[in-house]
Amino acid sequence: MTNFEVRAYDAAGRLGELDVPRAGVTVETPTILPVVNPHVQTVDPSALESEFGAEILITNSYILHGSEDLREPALERGLHDLLDFDGAIMTDSGSFQLAEYGEISVTTEEILQFQHDIGSDIGTPVDIPTPPDVDRSQAEDELATTQERLEIAAGVDTGEMLVTAPVQGSTYPDLREQAGAHAKATGLDVFPLGAVVPLMNEYRYADLANVVSACKRGLGEAGPVHLFGAGHPMMFAMAAALGCDLFDSAAYALYARDDRYLTVRGTELLDDLDYFPCECPVCTDHTPSELRTMGEDAREDLLARHNLYVTYGEIRRVRQAIRGGNLLELVEVRARGHPAMTDGYRALLDHAEQLERTDRVSKDAFFHTSAESARRPEILRHQSRLDRFEITGDTVLLTEGGSNDRYDETWGVRPPFGPYPRELGDTYPLTAEVPDRLHRDAYEAAADGVARLVDCHPDVAFTLVHDDWPASALDRVPETVDLRDLHARE
Ligand SMILES: [Zn+2]
């Protein structure tokens, strides 16, 4: 049985639909689950639904379980009535409190039963969130405990409630991968990647990319994948491209409380703004100085609303990018917002081979906009398929110019892709829009493609006619290849 269907891929990014049977709703992904504190509601859940289109939210069952005021009403009326929200409600188990305070007073069976009894649509067992960088033995021991809890959770009768299988393993890629494979094997429904908040708080986006890709190797295409605690819109595109489907955020409210203003490029302080760089109703109707003179509650409410507009706006942008096949172009733009995001994008490209497996074969366009573009999965795929082409002649010209009858065959060459049979010149991805002034990485990638082709055909004599390639690229071309410059006189 699967509750998750993928409608479209781009890199490892997925446009999907999560069927939540207990709520009777289908949630479109990627999406964000606003975190609703049962005690303090910055923006009412009904407003999240009507104004921002929220189809799903997350609240903490452990807080409700321990609350003298709310425990009984939650049990009597159910969460949907208590929060006044008709969409899907996911509940967390208290694992976060466990990580913060060292112990909690419920077992997985108890808290899952409680989540079921209060009408949660997606429940969570009590896993152990192991922080980054701990000793390996601690990561292994805690992962073993988490895995026992997941097996217990898989055996609890929770009716139509979906149950999550969190993936832990700290910053050890092999443990994360193994944890992903184990979580998938439990047959549970949703896969949160746990204990990544410290990485995001410290802007360690390269480490985050490595952790997510390790989890995904283990999980395969089981889904949906929830990046637990990821609430900053600046990283949605990157996380989606790595294969994350769900995000959750208390950031919209927590940041608003501290006069912090979210943008897709990072965070601004209200005090530093003379103008609002945003088109949402809050920013269109007010100026920063107006907000600064307001009372605390009114200001917090407006900032939280702006933060939500930006958050949902970026979710829609990510969805459209997956639909349009230009998610990596969006990741590239976001990567320029902060140097740590650039690191994240570069780390993502280290996993281009993994992303290539689900990337679609053809898209409308490929925009080569940076040095990093030369490492995209599309280029890797093009080069890995060069061995599919037969070469019958003894001499082959690889050229950026026109063909020449003196050779048995003429192939085209185009940075960053490298060599290609001429009949493929008008097909994706060779139809890429490439700038005239290329970074040397693009030439080097093309040279690697030449080397690969030469490798596949050791008995063929190759000549490469290149258009002023830099030495760093020509050095990568095998010595057996006869090199000519396109504009040199013969
Ligand atoms: Zn705004």
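Residues numbered from 1 in each chain as written. Predicted model: local features only at pLDDT ≥ 70, side-chain atom pairs only at ≥ 80, totals over all residues. Heavy atoms only, no water.

1. Focus: the coordination of the zinc ion
Step number 1: Around the zinc ion, the protein supplies C278 (SG), C280 (SG), C283 (SG) and H306 (ND1) as donor atoms, at distances of 2.1 to 2.3 Å.
Step number 2: Coordination at the zinc ion is tetrahedral, judged from the four donor atoms that bind it and the angles of 99 to 118° they form at the metal.
Step number 3: For the zinc ion, all donor residues lie on one chain, and their spacing in sequence is C-x1-C-x2-C-x22-H. Note on accessibility: C278 and C283 belong to one class, buried. (Donors = N, O, S within 2.8 Å, 3.2 Å for Na, K, Ca; no water. Tetrahedral: all angles 85-135°; square planar, octahedral: opposite > 155°, others 65-115°. Buried < 20%, exposed > 50% of the residue type's maximum accessible area, 1.4 Å probe, protein only.)

2. Points about the layout of surface pockets
Step number 1: As a volume, the second largest pocket reaches approximately 370 Å³.
Step number 2: As for the second largest pocket, its lining consists of 19 residues, and the residues nearest its centre are V264, P277, C278, E279 and V310.
Step number 3: Mapped onto the lining of the second largest pocket, the elements with two or more residues apiece are strand 12 (260–263), strand 13 (266–269) and helix 15 (296–324).
Step number 4: Here the residues of the lining of the second largest pocket sort into eight nonpolar, five polar and six charged. (1 Å grid on protein atoms, 1.4 Å probe; cavity = no way out; pocket = protein on both sides within 12 Å on 5 of 7 lines; lining within 4 Å. Points joined across faces, edges and corners; volume = space filled by probe spheres on them. Helix = DSSP H or I, 4+ residues; strand = E, 2+ residues; numbered from the N terminus. Nonpolar A, V, L, I, M, F, W, Y, C, P; charged D, E, K, R; others polar.)

3. Considerations on the packing of aromatic side chains
Step number 1: On inspection of all chains with the given rule, the structure shows eight aromatic pairs.
Step number 2: Relative to Y312, the ring of F52 lies with its centre 6.3 Å away and its plane at 25°, an arrangement referred to as stacked. Of the two residues, F52 sits in helix 1 (residues 45–52) while Y312 sits in helix 15, which places them 260 residues apart along the sequence.
Step number 3: Among the residues examined, F52 registers a relative accessible area of 7% and is labelled buried.
Step number 4: For Y312, a relative accessible area of 7% translates into the label buried.
Step number 5: In this structure an aromatic cluster arises from ring pairing among F52, Y309 and Y312.
Step number 6: Across from the ring centre of Y172, 5.4 Å away, lies the NZ or CZ of R136, which sits over that ring.
Step number 7: The aromatic ring of Y255 is capped on one face by R260, whose charged end is 3.9 Å from the ring centroid. (Phe/Tyr/Trp six-rings, centres within 6.5 Å; stacked < 30°, edge-to-face > 60°. Lys NZ or Arg CZ within 6 Å of the ring centre and 35° of its normal.)

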